[in-house]
Amino acid sequence: MPHSHDSRAKIDPALETSRAGLRALWISLVGLGITAVAQGVIVVFSGSVALLGDTLHNVTDALTAVPLAIAFLLGRKAATRTYTYGYGRAEDVAGIIIVAAIAASAVAAAWTAVDRLLHPTGMTHIPWVAGAGLVGFVGNELVARYRIRVGRRIGSAALVADGLHARTDGYTSLAVVAAAGGAALGWHWADPVVGLAIAVAITFVLKDAAREIYRRLMDGVDPALVDQAETTLRGIHGVRDVSAVRLRWIGHRLHAEADLVVDADLSLIAAHEIAADAEHQLTHTVARLTSATVHTDPHSHPGRHHHTDLSHQRRHLDA
């Protein structure tokens, strides 16, 4: 049963996904950057609090490309004696930075809106404000579609989430149009109230982003992936049982550890063949799984709880 442990077959596709992710990030950064600059100019002339909140959110969303891009670049570095699993966890660090940036934009938008409620000021250049809201919606929706499409193709949950974040920003931009409409009707309170609503919307995005990053930091995975891995392992010829399966994300790649139960009278080579087949099948069946560590136990001593007793017995015999 020939097989290969050559990591290049798994690293090359991983590098391709990183390149695709970087390309999506830079293109979306330019797109959102242009959108934010256009809105920022109109904020200066109009004094719209709602548009300011939307612009801050768009700037934050655009800048999230920077830490994610750095994380993608670091993730391509080879493992070292210090970082034996590589640098994939840099994506989690980038996620923390992104969550902090989203929180800062929510605070800034809310603070400005409250200040405007306490110190009312009329909105000017109302048609331009409405136009800026529409520009924000179109820009965010285009970026959202691109990020989601690329993220799903390369298996990056972070990029898909960032795309959904951009889509939420697009709907927030439409709220700016509502604020402009209210101002046109003479409702001076509409602009700061919509600004507060945008701050609340940013907070909901913050909650979802923080929950996703927390799950990654705590090695949380979709239980369906565990079920899929167990089903794959149980279907391999020679596997009598599956004692344990553990999955964890390292960046946008999955790593698995599995304990299998095999016949006790197998030779070392035969047991190794089963383990190698299990590793190979897992990496082909479970999406984004690039590595797996497989341990085999004889059916006479299944499970890790036997390991301590076996070690003590060996040391007692050697003594």
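Reading the values: the criteria
Residues numbered from 1 in each chain as written. Predicted model: local features only at pLDDT ≥ 70, side-chain atom pairs only at ≥ 80, totals over all residues. Heavy atoms only, no water. Helix = DSSP H or I, 4+ residues; strand = E, 2+ residues; numbered from the N terminus. Buried < 20%, exposed > 50% of the residue type's maximum accessible area, 1.4 Å probe, protein only. Contact = heavy atoms within 4.5 Å. Areas by Shrake-Rupley, 256 points an atom, 1.4 Å probe, with all protein chains shown as cover. Axes fitted to C-alpha atoms, helices over the stretch in contact; angles between N-to-C directions. Parallel < 35°, antiparallel > 145°, perpendicular 65-115°, else oblique. Left-handed = near helix turned anticlockwise from the far one by under 90°. Core = buried A, V, L, I, M, F, W, Y, C linked by side-chain atoms within 4.5 Å. Salt bridge = Lys/Arg side-chain N within 4 Å of Asp/Glu carboxyl O. Pairing = 2+ DSSP bridges. Expected span 1.5 Å × (residues − 1). Arc of directions from axis to C-beta. Phe/Tyr/Trp six-rings, centres within 6.5 Å; stacked < 30°, edge-to-face > 60°. Lys NZ or Arg CZ within 6 Å of the ring centre and 35° of its normal.

A. The overall build of the protein chain, seen in detail. Scanning the protein chain from terminus to terminus reveals ten helices and three strands. From first element to last, N terminus to C terminus, the protein chain shows the α and β order α-α-α-α-α-α-α-α-β-β-α-β-α. Across the 319 residues in the protein chain, those meeting the buried criterion constitute 43%. Of the contacts formed within the protein chain by residues at least 6 apart in sequence, a portion of 73% connects residues at least 24 apart. Carbon and sulfur atoms make up 64% of the accessible area of the protein chain, which totals about 16,700 Å².

B. Representation of the packing of helix α8 (residues 223-234) against helix α9 (residues 268-285) in the model. One way to put it is that α8 packs onto α9 with a least axis distance of 10 Å and a crossing angle of 140°. On the basis of the axis angle, α8 is oblique to α9. Crossing handedness for the pair α8 and α9: right-handed. Each of Q228, A229, T232 and L233 in α8 lies in contact with α9, whose residues at this interface are A278, Q281, L282 and T285.

C. A look at the nonpolar core. Membership of the largest hydrophobic core comes to 36 residues, with the highest contact counts inside it found for L25, L51, I102, V129, V150, L159 and I202. Looking at this core, the elements that each hand over two or more residues are α1 (8-46), α3 (65-75), α4 (90-118), α5 (126-154), α6 (157-184) and α7 (190-217). Each residue touching V150, except ones within four places of it in the same chain, is listed here: A20, A24 and L159. If you look at the next biggest cluster of nonpolar residues, it comprises 22 residues, including A229, L233, L260 and L282.

D. Molecular detail of the pattern of salt bridges. Under the counting rule described, the total for this entry stands at ten salt bridges. The salt bridge involving D208 is made with K207; its shortest N-O contact spans 3.1 Å. Of the residues examined, D208 reaches a relative accessible area of 35% and is grouped as partly exposed. For D219, the salt bridge is made with R248, and the minimal N-O distance between the two is 3.1 Å. A residue pair is termed long-range when its members are at least 10 positions apart, and D219 in the loop between α7 and α8 and R248 in strand β1 (residues 241-250) qualify at 29 residues. For D219, a relative accessible area of 26% corresponds to the partly exposed category. Taking the relative accessible area as the measure of exposure, R248 reaches 30% and is therefore partly exposed. Residues joined in a network through salt bridges with shared partners are R89, D92, D219 and R248.

E. How the structure looks around the sheet that holds strand β3 (residues 289-298). The mixed open sheet is built from three strands, whose spatial order is β1-β2-β3. Both edges of this open sheet fall to β1 and β3, since each of them pairs with a single strand only. On average, each strand axis in the sheet is tilted by 15° relative to the strand beside it, whichever way the strands run. Note: β1 against strand β2 (residues 253-262), nine bridges, orientation antiparallel. In the sheet register, D241 faces β2, and the bridge partner there is V261. Where α8 meets the sheet, it contacts β1 and β2, and its direction lies at approximately 135° from that of β1.

F. Examining α8 more closely. Taking 1.5 Å of rise per residue, twelve residues should cover 16 Å, and α8 covers 17 Å from first to last C-alpha, within 8% of that figure. For α8, the set of buried residues is L225, A229, T232 and L233. Down the axis of α8, the buried side of the element spans an arc of 95°, and every buried residue falls inside it. Across from the buried face of α8, at angles greater than 90 degrees, the exposed residues are P223 and T231.

G. Just the packing of aromatic side chains, in detail. Scanning the model with the defined rule gives one aromatic pair in all. Plain terms: the ring middles of Y83 and Y87 are 5.0 Å apart, the flat faces sit at 40° to each other, and that makes the pair tilted. Cation over ring: K77 sits above Y87, and NZ or CZ is 4.6 Å from the ring centre. Of note, R216 hangs over the ring of W249, and the distance from its end group to the ring centre comes to 4.3 Å.

Shape descriptors only; they carry no functional weight alone.
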